[in-house]
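What follows is the residue order along each chain.
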Amino acid sequence: MNELQRDRELNIKTTGLHELNEWNHAHYNRTESTSYLVLDQLFKEYQFKVNDHLIDFGSGKGRVLFYVHHNAHIPVTGVELSSTVFQLLKANKQQYLSRYPSHHPINIANDFAEHYRITKNINVFYFFNPFSGTIFKKVLDNIMTSIEQYPRAITLIIYFPMPAYHAYLDMLGLFDLKQKIEIQLENNFTDEVLILTNNHYRGV
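What comes next concerns the included structure. This is a predicted model, so every value here is computed, not measured. (Residues numbered from 1 in each chain as written. Predicted model: local features only at pLDDT ≥ 70, side-chain atom pairs only at ≥ 80, totals over all residues. Heavy atoms only, no water.)

### Examining the sheet that holds strand E7 (residues 155–159)
Point 1. Spatial ordering of the open sheet is given by E5-E4-E3-E6-E7-E9-E8, a layout of seven strands whose pairing is mixed. Looking at which strands have only one partner, the edges of the open sheet turn out to be strand E5 (106–110) and strand E8 (175–184). On average, each strand axis in the sheet is tilted by 15 degrees relative to the strand beside it, whichever way the strands run.
Point 2. In the sheet, strand E6 (residues 124–127) pairs with E7 via four bridges, with the strands oriented parallel. Across the sheet, Val124 pairs through a bridge with Thr155, a residue of E7.
Point 3. Across the sheet, helix H5 (residues 133–149) is in contact with strand E3 (54–57), E6, E7, E8 and strand E9 (190–198); its angle to E6 comes to roughly 175 degrees. (Pairing = 2+ DSSP bridges. Helix = DSSP H or I, 4+ residues; strand = E, 2+ residues; numbered from the N terminus. Axes fitted to C-alpha atoms, helices over the stretch in contact; angles between N-to-C directions. Contact = heavy atoms within 4.5 Å.)

Take a look at the structure:
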């Protein structure tokens, strides 16, 4: 089943690329949805918990949000900078919920990732290279501030991480690599999804 067919299952439209040209912002990358192949493999090898709440920074048109919401039955939040893409995200949310109504909330925000306030209920953070290492550092600092205020176990899910992401995580030394999921792509290349947890949280 191809990407369009998978979209139709969820009653959404998330294919195609979208360049961020509203400000020509050097630190934010174009919109590109995570492949369904990657999401399927993630779900085979990673178990979401019933009390999880996932946030996708640079959520684009919402594929990760609706896939996780539909399959894991947990609350999700998407933060998208582009106002143009955000309108598509809003439309997808409406279309998805018209077919799959749920009491688990789907929250979306049109905002800079580094400005978004991380609430105490959010504990799973998804990244698919949405922005530069500079922005990643600011977002990760916000995450650490949140878990200092509200101590809890959190999980970072990072698909195809840029070297700058690796470098900052290594420098911090606050997260353990719990799992590496290798994704075999159709062109014989291999991608990876990293699953990290905060090793300093004593309640884990």
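### Considerations on the pairing of E7
Point 1. The buried fraction of E7 is high, at five of five residues.
Point 2. Neither face of E7 is exposed, since Thr155, Ile157 and Tyr159 on one face and Leu156 and Ile158 on the opposite face are all buried.
Point 3. Between the parallel elements E6 and E7, the chain passes through H5 in a crossover that is right-handed.
Point 4. Across five bridges, E7 lies against E9 in antiparallel orientation. Each residue of the ladder has a partner; that of Thr155, found in E9, is Thr197. (Buried < 20%, exposed > 50% of the residue type's maximum accessible area, 1.4 Å probe, protein only. Right-handed = clockwise from strand over helix to strand, strands pointing away.)

### Some words on the layout of surface pockets
Point 1. When its volume is computed, the largest pocket comes out at roughly 330 Å³.
Point 2. Lining the largest pocket are 28 residues, and of these Arg30, Thr31, Glu32, Gly58 and Gly60 lie nearest its centre.
Point 3. Elements supplying a minimum of two residues to the lining of the largest pocket: strand E2 (31–32), E3, helix H3 (63–72) and strand E4 (76–80).
Point 4. The residue inventory of the lining of the largest pocket, partitioned by class, reads eleven nonpolar, ten polar and seven charged.
Point 5. Quantified by volume, the second largest pocket comes out at close to 250 Å³. (1 Å grid on protein atoms, 1.4 Å probe; cavity = no way out; pocket = protein on both sides within 12 Å on 5 of 7 lines; lining within 4 Å. Points joined across faces, edges and corners; volume = space filled by probe spheres on them. Nonpolar A, V, L, I, M, F, W, Y, C, P; charged D, E, K, R; others polar.)

### Considerations on helix H6 (residues 163–172)
Point 1. Among all positions in H6, only Tyr165, Tyr168 and Leu169 are buried. The arc enclosing the buried residues of H6, seen along the axis, measures out at 100 degrees, which places them on a common side. Opposite the buried face of H6, by more than 90 degrees, sit the exposed residues Pro163, Asp170 and Met171.
Point 2. Tucked into the core, H6 has its buried residues touching E6, H5, E7, E8 and E9.
Point 3. Once H6 finishes, Gly173 follows within two positions and takes phi at roughly 70 degrees, a positive value. (Arc of directions from axis to C-beta.)

### Section: the pairing of E6
Within a regular strand, the side chains alternate between the two sheet faces.
Point 1. Neither face of E6 is exposed, since Val124 and Tyr126 on one face and Phe125 and Phe127 on the opposite face are all buried.
Point 2. With four bridges connecting them, E3 and E6 associate as parallel partners. Residue pairing for E6: Phe57 is matched across the bridge by Phe127.

### Topic: the pattern of salt bridges
Point 1. Here the structure, examined in full by the defined rule, presents six salt bridges.
Point 2. The salt bridge partner of Glu3 is Arg63, with a shortest N-O separation of 2.5 Å. Separated by 60 residues along the polypeptide, Glu3 in helix H1 (residues 3–10) and Arg63 in helix H3 bring together distant segments of the chain.
Point 3. Judged by its relative accessible area of 29%, Glu3 falls in the partly exposed class.
Point 4. The exposure class of Arg63 is buried, given its relative accessible area of 3%.
Point 5. The residue Lys137 makes a salt bridge to Asp141 at a minimum N-O spacing of 3.3 Å. Of this pair, Lys137 and Asp141 both sit in helix H5, four residues apart, which is roughly one turn of that helix.
Point 6. The class for Lys137 is partly exposed, based on a relative accessible area of 37%.
Point 7. Salt bridges sharing common partners tie together Glu3, Asp7 and Arg63. (Salt bridge = Lys/Arg side-chain N within 4 Å of Asp/Glu carboxyl O.)

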